[in-house]
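# Descriptive structure summary
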Amino acid sequence: MFKLDHKLIIFSILASATISFAQIVKKPDIAGGVYYPIVGDQTHIYKVNPNAYGLKLYKGRVPTKNELKAWDKDVMPDGTGLPEGKGSVEKGEELYEAKCIMCHGDFGSGGGGYPALSAGNAYEVHETLKNNRWKDPEADGPIRVFGSYWPQASTLFWYIKDAMPHQKTKTLTNDETYALVAYILNINEIEIDGEEVDEEYVLTRDKFLKIQMPNKDGFVPNIDGKDGVENVRKFFSNPKNFGAIKVKESERCMTNCQKASAKVVRISGEGISDFHPPISVERSLPKEVNKEEKKSNFNPQKVFETNCAMCHNGEVAPGAKNKGAWAKFIKKGIEKVYENGIKGTNNGMPPKGGSSISDEEFKKVVDFMLDFD
Amino acid sequence: MKKLVDVLKKNSLQKTQEPKLTSRREFFKKTGTLSAIAATAISPLTLKGDDDAIIHHPEWGQVWGDPVTKNLYGMPSKYEHNNTRRYTKLLASGNYRASIAVTPIHESEGIITPNGLFFNRTHGGVAHIDPKKYRLMIHGLVKKPIVLTLEQLKRYPKVTRIHFIECPANGGQEWRRPQYNSLQFAKGFMSCAQWTGVYIKTLLEDLGLKPEAKWMLAEGSDSSEMARTVPIEKVLDDAMLVWGQNGEALRPEQGYPVRLLLPGWEGNLCVKWLKRLEFASEPWYAKEETSKYTVLKPDGKAIQHFYANEVNSTVVSPSPEKPWTDLKDGEIVEIEGLAWSGMGTITRVDLSFDGGRNYVEANLKGLVLPKCWTRWSYIHKYKKGERLLLTSRAMDDAGYIQPTIDEEVGMIGVEGVYHRNAVETWEVTENGEVNHVQIRS
């Protein structure tokens, strides 16, 4: 059925000068909504130029093989795009402690606004997905981490390679990525083909393709295979499936629509009210903050604690006031240290540590770190 | 205080006289101080005598304003500095790089969000792209792939549409209880703008889409390489590549120079800083369509590929930020709000004064467009000391109606995070203050 539709599209693209887009989607909208076709020179109340369709306009050029290779780096569940390579859990742990731990915590425990990468044995944590604090708000909620929730491991390889470490992405080699994936499988206690991914495990492409995630079948509708798109359409054609209600306008409830037991639930305490800037609808002039005053209010130690200490703790990066650890940096001269800090480095230092302070202020924080008494 | 009384007295004495200008200098001194006091201490509502703001020439009325050479890119009045995006630590990750700053809906006028106030959600920070180095690649199951520069892309026939973009986590912190006493945070994960770009189907006409192509990957060029899978049907319907936002280039926060726009669908699907579209016969499983942006139901199964933002509405005036504390008994006041649906066009908004037990019909106002903010209005006579529970409920032309909280939670539980569109309630207290509450049994 769907194929037929596509033939129709292709046919009209190739053969007709003005496509009637109305032809394309005769079925209900895939997302459960209304489809507004272009009819003549109009769609809904918008006018269109019907002569602007069905044209041959090719305004660019064909990408070269190397260009395609450079950009087409995504990894699909069937292994499309997954490079050859290998990495051990041991190497992964080393890399994790050098490049990831400052944000994702010990053993991927997360916290402080950074996602956890594990919550323990994936097969056990998977059971929590049925927890729902609907009737008992104090009950335990579901735990959604890589091991318990993600349907495919391909996502992990692809995402780490493209988007981590967060402050300097696309810096990991394929082997490093395999090692980090192996380590994350290890802390989630995931088995591959019945085999534990233990400390000695070496992950390869072949082994990777055998990973079956515990929550592989945890998602609806089934988007895979030749019926994928139709499954989605079917799913959204039933409002109950996604928590929606349809009603005829004339039949909507206008009186006595609430249950007798309905009650007013209030925000508990202040609720979330930590807003920046604080909420105000005042229309008076902003308070002039004197530049001098602002300068004297600048507290390098405070900035260090909120912006730098997470990494500059003596493990990931040299700690404050640790003369020995800073020696090899200072050798290059202080100006170079400032410059590297401001621009960021490939060894994991984000530009200005990810803060938004001025260059001068940044230098003050560095001075604070290098104040060895 | 004494001084203020003197000033007032002086004002009434001067009532009928034109101010005598003894010297320019003295005049400036006098009006300067007078208007400063008037602005801070005297509200025109409580003033018994003449209003100084009328009797005296204001400063700005007698001297030169700025030359046209100043502010060649205009800025809002300096008095409007509180009309701004806001953020909170709760929604901060990655040093505010995987985070959101939300739109001040309570100050919004009409259906267009000014570019500087459009909500800003990023996964790796706001990227700043050099337009000269911008490239868009379209490949995969097409007969002839293509690379385009920005200038080449802009040569295709243009389309301009007004659509909202909404983060599907709008209201998502409040599944279990109300949390924000603020319209900006309760509903401000969305904005609405006029977008200009090209239909993707126009581009595809000479690329020759192959019949087995069922899904499109859209990928950003920012540090997070935000990627999402889109069904081909949306691509061939109203999906656009946009570069224009309210008559100017997209702001960096909205994906300058080019973003994907899937009208009515999750903001996260409308990939910013777009660099690549690939067509395939199988879907991708990107991080933001597995780990996140999936809706976990009580049976432990999660909805993946949840596309459209469903019908929704809110009362904008009054709101917790803009209460009715200054209203007089018997004063006629407009209750105003917004309604929107990613499934179609708003057909109806009803308003309840008792938290959703009984409803009356409100009026739609202005342009009523598909997948677009729609204004609605109800004229009310305020009774001093009355306590109200204001609940709005919208319908769209796909036939959907906003569920009650009980109805939505009954079907989908409270762990879904995304796509919450149950009716919302403001309590108006006896003093005219406004609180965010929920009505549930």
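Computed from a predicted structure; not experimentally measured. (Residues numbered from 1 in each chain as written. Chains lettered and ligands numbered in written order. Predicted model: local features only at pLDDT ≥ 70, side-chain atom pairs only at ≥ 80, totals over all residues. Heavy atoms only, no water.)

Both the distance between ring centres and the angle between the ring planes are used here to describe each pair of aromatic rings. Enumeration according to the criterion identifies 25 aromatic pairs over all chains in this entry. Judged by centre distance (6.2 Å) and plane angle (65°), the ring pair of A:Phe242 and B:Tyr400 falls under edge-to-face. Placement of A:Phe242 in the loop between α10 (228–236) and β8 (245–246) and of B:Tyr400 in strand β23 (residues 400–401) is noted, with the two residues assigned to different chains. Here A:Phe242 matches B:Tyr400 in class, with each residue buried. Between B:Tyr293 and B:Tyr418, the ring centres sit 4.9 Å apart and the planes meet at 25°, which makes this aromatic pair stacked. With B:Tyr293 in the loop between β13 (274–280) and β14 (295–296) and B:Tyr418 in the loop between α8 (405–412) and β24 (425–428), this residue pair connects regions lying 125 residues apart in the sequence. Here B:Tyr418 falls in the buried class, since its relative accessible area comes to 9%. (Phe/Tyr/Trp six-rings, centres within 6.5 Å; stacked < 30°, edge-to-face > 60°. Helix = DSSP H or I, 4+ residues; strand = E, 2+ residues; numbered from the N terminus. Buried < 20%, exposed > 50% of the residue type's maximum accessible area, 1.4 Å probe, protein only.)

The next thing to look at is the domain arrangement of chain B. Residues and elements named next belong to chain B. The domain architecture assigned to chain B consists of domain 1 (6–20 + 308–437) and domain 2 (89–293). Taken over C-alpha atoms, the centre of domain 1 sits 29 Å from the centre of domain 2. Facing the 39 residues of domain 1 at the interface are 40 residues of domain 2. Interface of domain 1 and domain 2: buried area, both sides summed, is about 3300 Å²; carbon and sulfur atoms make up 59% of it. The three residues of domain 1 that bury the most area against domain 2 are Trp 373, Tyr 418 and Arg 420, which together make up 24% of that side's buried surface. Note that Arg 420 and Glu 174 form a salt bridge whose closest N and O atoms lie 3.8 Å from each other. Broken down by secondary-structure element, the contributors of at least two residues to the side of domain 1 that touches domain 2 are β16 (312–317), β17 (332–340), β21 (374–381), α8 and β25 (434–440). (Domains from an automatic or database assignment. Contact = heavy atoms within 4.5 Å. Buried area = accessible area lost by both parts, 1.4 Å probe. Salt bridge = Lys/Arg side-chain N within 4 Å of Asp/Glu carboxyl O.)

What follows is about the state of the cysteines. All names here are of chain A. What the rule picks out here adds up to one disulfide over all chains. Cys 253 shares a disulfide with Cys 257; S-S distance 2.2 Å. Between Cys 253 and Cys 257, the S-S torsion sits near -100°, and that sign places the bridge as left-handed. Judged by relative accessible area, Cys 257 falls into the partly exposed class, the value being 22%. (Disulfide = S-S within 2.5 Å.)

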